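Here is what each chain is made of, one letter per residue.
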Amino acid sequence: MDAIFKGIFDTQFTTVISVSRFLLCLGVSLVTGLLLALAHAYKSRSSKSFLAALAVLPAVVCVVIMMVNGNIGTGVAVAGTFSLVRFRSAPGTAREISGIFLAMCTGLIAGMGYLAFAVLFALILGGITLLYSRFAIRIGKRQDLHRMLHITVPEDLDYAGVFDQVLEQFAVSCQLLSVKTTNMGSLFRLTYELEIREPGKEKELIDELRCRNGNLEVALSRGETGSCEL
């Protein structure tokens, strides 16, 4: 049975991987990849295609390592082939990038034959991922209170200190980020970053600001955290 899977360029000095060992390493890699994909999917908005790729990535890396099998020339060729790969997609989050590295490391460990270490590594890192995700939920609740506030004021209004009383009433903290002219210099646009005291008070905040800026435009949006930031 094993003779069917021998390479046509193999010599008597070439170590051939048996079919049973190949299937064992491949099966362990698929199981660990599934564990990592499930851990990554917990409290995450990843696409189905990314989770599927994350699940099979350890098996792909495992097979590549097994096929290299100590051959330096093959290893150099594989490295050159991988360097040609381009990911033409939207930038991923830090969690997605770390998930890819975890899957690759698991495949490398399994491909080298350390199956128990591969399973242990996947369980430990998957558990840590779940733990950090749980902890990130609490941090995310505070981040949901962050807002970006844009206030348009007339040119002749001295905006310094005009909105401080209102912002102190509705926000825990606030910071003026930028001031720029608009509408051919006849208006100013102020940008604040603030953390509101409680959600549901946005309309009251906007109404108070409109009374002080001459009923010009006031825009309140969620904090710009950026999904592609690391």
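Structure: above.
A few points on the structure. (Residues numbered from 1 in each chain as written. Predicted model: local features only at pLDDT ≥ 70, side-chain atom pairs only at ≥ 80, totals over all residues. Heavy atoms only, no water.)

### Here we look at the overall build of the protein chain
What counts is decided by this rule: Numbering of helices and strands runs from the N terminus; a helix is a DSSP stretch of H or I covering at least four residues, while a strand is a stretch of E covering at least two. Buried means the residue's accessible area, taken with a 1.4 Å probe over protein chains only, is under 20% of the maximum for its type, while exposed means over 50%, and partly exposed covers the values in between. Should any heavy atoms of two residues lie within 4.5 Å, those residues are considered in contact. For accessible areas, the Shrake-Rupley method is used with a probe of radius 1.4 Å. Any residue's cover is judged against the shown protein chains and nothing else.
Per the secondary structure count, the protein chain includes seven helices and four strands. Here the protein chain holds 230 residues, and 26% of them are scored as buried. Considering only contacts in the protein chain between residues 6 or more positions apart, those separated by 24 or more positions represent 72%. When the accessible surface of the protein chain is totalled, it reaches about 15,300 Å², and 62% of it is carbon and sulfur.

### Let's talk about the packing of aromatic side chains
Our working rule: When the centres of two rings from Phe, Tyr and Trp lie within 6.5 Å, Trp using its six-membered ring, the rings pair. Their planes under 30 degrees apart give stacked, over 60 give edge-to-face, and anything left gives tilted.
Throughout the structure, instances matching the rule amount to two aromatic pairs. Geometrically, the ring pair formed by tyrosine 114 and phenylalanine 117 is edge-to-face, given 6.1 Å between the ring centres and 70° between the ring planes. Taking the relative accessible area as the measure of exposure, tyrosine 114 reaches 46% and is therefore partly exposed. On the basis of relative accessible area, phenylalanine 117 is assigned to the exposed category, the value being 54%. When the ring of tyrosine 159 is compared with that of phenylalanine 188, the centres are 6.1 Å apart and the planes differ by 50°; the resulting orientation is tilted. A residue pair is termed long-range when its members are at least 10 positions apart, and tyrosine 159 in the loop between strand 1 (146-154) and helix 6 (164-170) and phenylalanine 188 in strand 3 (residues 187-196) qualify at 29 residues. Given the relative accessible area of 25%, tyrosine 159 is considered partly exposed.

### Some thoughts on the nonpolar core
Heads up, the rule is: Residues enter a nonpolar core if they are buried and are Ala, Val, Leu, Ile, Met, Phe, Trp, Tyr or Cys, with the set joined through side-chain atoms within 4.5 Å.
Of all hydrophobic cores here, the largest spans 17 residues; its most connected members are Leu149, Ile151, Phe163, Leu167, Tyr192, Leu194 and Leu209. Looking at this core, the elements that each hand over two or more residues are strand 1, helix 6, strand 3 and helix 7 (202-212). Counting residues per element, this core draws most heavily on strand 3, which supplies four residues. Formed by seven residues, the second largest nonpolar core is a distinct cluster that contains Cys62, Met66, Ala110 and Leu115.

### Points about unusual backbone geometry
Positive phi values are uncommon outside glycine, yet asparagine 183 reaches one of about 55°. Summarising the element assignment, asparagine 183 is placed in the loop between strand 2 (171-182) and strand 3.

### Here's the deal with the sheet that holds strand 2
Two modes of strand pairing occur in sheets, parallel and antiparallel, and in both the strands are linked by backbone hydrogen bonds. Stated precisely, the cut-off is as follows: DSSP calls a pair of strands paired once it identifies at least 2 bridges connecting them. Lines fitted to C-alpha atoms define the axes here, with helix axes fitted over just the stretch in contact, and angles between the N-to-C directions of these axes take values from 0 to 180 degrees.
Pairing in this open sheet of four strands is antiparallel, and the strands run 2-3-1-4 from one edge to the other. Looking along the sheet, the strands with just one partner apiece sit at the ends: strand 2 and strand 4 (218-222). Within the sheet, the average angular offset between the axes of one strand and its neighbour, ignoring direction, is 20°. Taken together, the ten bridges between strand 2 and strand 3 define a ladder with antiparallel strand orientation. The residue of strand 3 that forms the bridge with lysine 180 is arginine 189.

### Overview of the side chain of threonine 106
In this fold, threonine 106 is placed in helix 4 (residues 94-111). By relative accessible area, threonine 106 is classed as buried at 0%. When neighbours within four sequence positions are excluded, threonine 106 is seen to be in contact with Thr32, Leu36, Pro58, Ala118, Phe121 and Ala122.

### Describing the packing of helix 1 (residues 19-41) against helix 2 (residues 48-68)
Packed helix pairs are specified by the crossing angle of their axes together with the interaxial distance, meaning the distance between the axes. Counted only if it meets this: Angular relationships are summarised with four words: roughly parallel below 35 degrees, roughly antiparallel beyond 145, roughly perpendicular across 65 to 115, and oblique for the angles in between. With the far helix as reference, a near helix turned anticlockwise by less than a right angle produces a left-handed crossing, and one turned clockwise produces a right-handed crossing. Three categories are distinguished: nonpolar for Ala, Val, Leu, Ile, Met, Phe, Trp, Tyr, Cys and Pro, charged for Asp, Glu, Lys and Arg, and polar for the others, with Gly belonging to the last.
Look at helix 1 against helix 2: their axes get within 8 Å of each other, and the N-to-C directions meet at 150°. Relative to helix 2, the element helix 1 is oriented roughly antiparallel. In the packing of helix 1 onto helix 2, the handedness of the crossing is right-handed. Counted together, Phe22, Cys25, Leu26, Ser29, Leu30, Thr32, Gly33, Leu34, Leu36, Ala37, His40 and Ala41 of helix 1 and Phe50, Leu51, Leu54, Ala55, Pro58, Ala59, Cys62, Val63, Met66 and Met67 of helix 2 form the full contact between these two elements. Tallied by class, the residues present in the contact of helix 1 with helix 2 amount to 18 nonpolar, four polar and no charged.

### Focus on the side chain of threonine 191
The condition that has to hold: Distance and chemistry together define a polar contact, namely a pair of N or O atoms within 3.5 Å, with one atom able to donate a hydrogen and the other to accept it when in protein, and with adjacent residues in sequence counting only for side-chain atoms on both sides.
By the secondary structure assignment, threonine 191 is in strand 3. A polar atom in the side chain of threonine 191 sits 3.1 Å from the side chain of histidine 150. Those residues in contact with threonine 191 that lie beyond four places of it in its chain are Met148, Leu149, His150, Gln175, Leu176, Leu177 and Ser178.

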